[in-house]
Structure formats: structure tokens, C-alpha cells
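Letter by letter, the chains look like this.
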Amino acid sequence: RARRVAVMDADVLGPNIPRVFGVDEKRPVRNGKIVPLERYGVRLISLGFLVERDAPAIWRGPIVTKIIQQFLRDVDWGQLDYFIVDLPPGTGDAQLSLAQTVQLDGALIVTTPQEVAIGDALRGATMFDRVGVPVVVIVENMRYFACTHCGGRTELGVPLLGQIPLQARMADLADAGQPIVIAEPDSPAGKALASIAQEIEGKLGGKKVRLPILTG
């Protein structure tokens, strides 16, 4: 059967999930619960459904934390097989709030070949390790990184699950709300992403998602 998947956009200060999925609607409320919107069979919630598109969100950390907790507590997610949280870059309030609020099965770190991005990925992996969240895999976007000092590859201490190639029209399709796995599933990037998803599912061992009950 098809997997029941939800994506929560925890990048509160730069919510891009609505654009990537091609959804520009206001979310309904039913029985006091926010009803996630659905696209390509994926249930979605994002601050982008609540504010004007491209409007700046100028908020301090406590408000970011409160929004994330509300998304977990006040959204009618229903029964799920996989609950995916899209986090912003870095090791800030969103990451810490999520790790302290729910029990996470694992983190997937996405990086690009630039040395600066590799450093950010390493810091993110270290942060999750310190708060007791296992880093399942590293996914490298756009090509591998060749170290200019030793001529080798920079390793982050966890398996590099896959590489997603640069591909013409990928960015344009994402801006148009057509993920490459939907628009061009047989392309190199589409196949790479599908393979990575299958590997992640295998590593998680078919775990079922348990959403927490939050109080306070």
C-alpha cells in the first residue's frame, strides 16, 4: 500500500514547502484542529499557509519554538507511517525545540560539496548526536566534495547514503511546485532521490510514527 506521509515545515523564518509542493491555499480548521493540506499524496503544514507569500517573519526564538509546538499539537495529522520535518540550516531554535519536544527516530543531513556547507553539516550532525538523536545518513546534493588539502573525501562519521546530481530544470520545476520525482521520475536526479528514499525506509526498519501529546 502507499505510505502515509506528512511533512511539517519547521523552517518558520523561511517556509518554502508551499512553493516546492505548488500549494497556495489557506489551511482549514475542523473541530479546533488545523487540517493539513495535501499534495502528491503528502500531508503538509507550513507557516507559509498562514502568512502572505514571501512576507518576512521577524520573530525571536521563543515564538519559533511556540509555532513548532503548535504544529505538533494542534494539527490533525491522522494516522501516519512517516512524519518528516523540514528544518532550516544550522543548529538553532527549531532543531533544539524539536529534539526536546518529540522522540525522533533519526536525522537526515543534506549537504552540498562546498567546504562551508560540509562544516555546517558536521555541526548539525554533532548537535543531533549530543541531544540523543541518531544521524541516519548524509545525503550530498549537487556532487561530491574533493578535499583540496588531501585530495580525498571529507567524511562526517556516518554513511553517505547517496549523491544527487545537478540537473537541468530541477530548480525551475521546484519553483513551479513540481518536485523532480514527480515531474521527471526517470531522470538521474529522480532516480537518485527514489533510491535514497528506499534506503532510508530500509534503515528505519518499518518503524511507525508516534506523534506526541504535548501539555502546557
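Provided above is the structure to which this section pertains.
## Focus on the overall build of the chain
Across its full length, the chain holds seven helices and nine strands. Residues counted as buried form 38% of the 216 residues belonging to the chain. Look at the contacts in the chain between residues 6 or more apart in sequence, and 67% of them connect residues 24 or more apart. Summed over all atoms, the accessible surface of the chain reaches about 12,600 Å², with 52% contributed by carbon and sulfur.

## So, the environment of Lys-66
Of note, Lys-66 is situated in helix H2 (residues 61–73). Given the relative accessible area of 60%, Lys-66 is considered exposed. It is 8.8 Å that separates the C-alpha atoms of Lys-66 and Ser-97, two residues lying 31 residues apart in sequence.

## Things to note about the pairing of strand S1 (residues 5–9)
Among the five residues of S1, five are classified as buried, and the element is accordingly described as predominantly covered. With four bridges joining them, S1 and strand S5 (residues 42–45) adopt parallel strand pairing. Pairing of Ala-6 across the sheet is with Arg-43, part of S5. Note that S1 and strand S6 (residues 82–86) share five bridges and pair parallel. Bridge pairing in S6 places Met-8 opposite Val-85.

## Side note on the packing of aromatic side chains
Counting across every chain of the model gives two aromatic pairs. Centroid distance Phe-21 to Tyr-40: 6.4 Å. Interplanar angle 40 degrees. Geometry classified as tilted. Pair noted here: Phe-21 is in helix H1 (residues 17–21) and Tyr-40 is in the loop between strand S4 (37–39) and S5, with a separation of 19 residues, a long-range link. Of the residues examined, Phe-21 reaches a relative accessible area of 13% and is grouped as buried. When the centroid spacing of 5.0 Å and the interplanar angle of 75 degrees are considered together, the rings of Trp-77 and Phe-83 count as edge-to-face. Take Trp-77 and Phe-83: they sit in the same class, and that class is buried. Of note, Arg-39 hangs over the ring of Tyr-40, and the distance from its end group to the ring centre comes to 4.6 Å.

Calculation criteria
Residues numbered from 1 in each chain as written. Predicted model: local features only at pLDDT ≥ 70, side-chain atom pairs only at ≥ 80, totals over all residues. Heavy atoms only, no water. Helix = DSSP H or I, 4+ residues; strand = E, 2+ residues; numbered from the N terminus. Buried < 20%, exposed > 50% of the residue type's maximum accessible area, 1.4 Å probe, protein only. Contact = heavy atoms within 4.5 Å. Areas by Shrake-Rupley, 256 points an atom, 1.4 Å probe, with all protein chains shown as cover. Pairing = 2+ DSSP bridges. Phe/Tyr/Trp six-rings, centres within 6.5 Å; stacked < 30°, edge-to-face > 60°. Lys NZ or Arg CZ within 6 Å of the ring centre and 35° of its normal.

No statement about biological role is implied by the geometric values presented.
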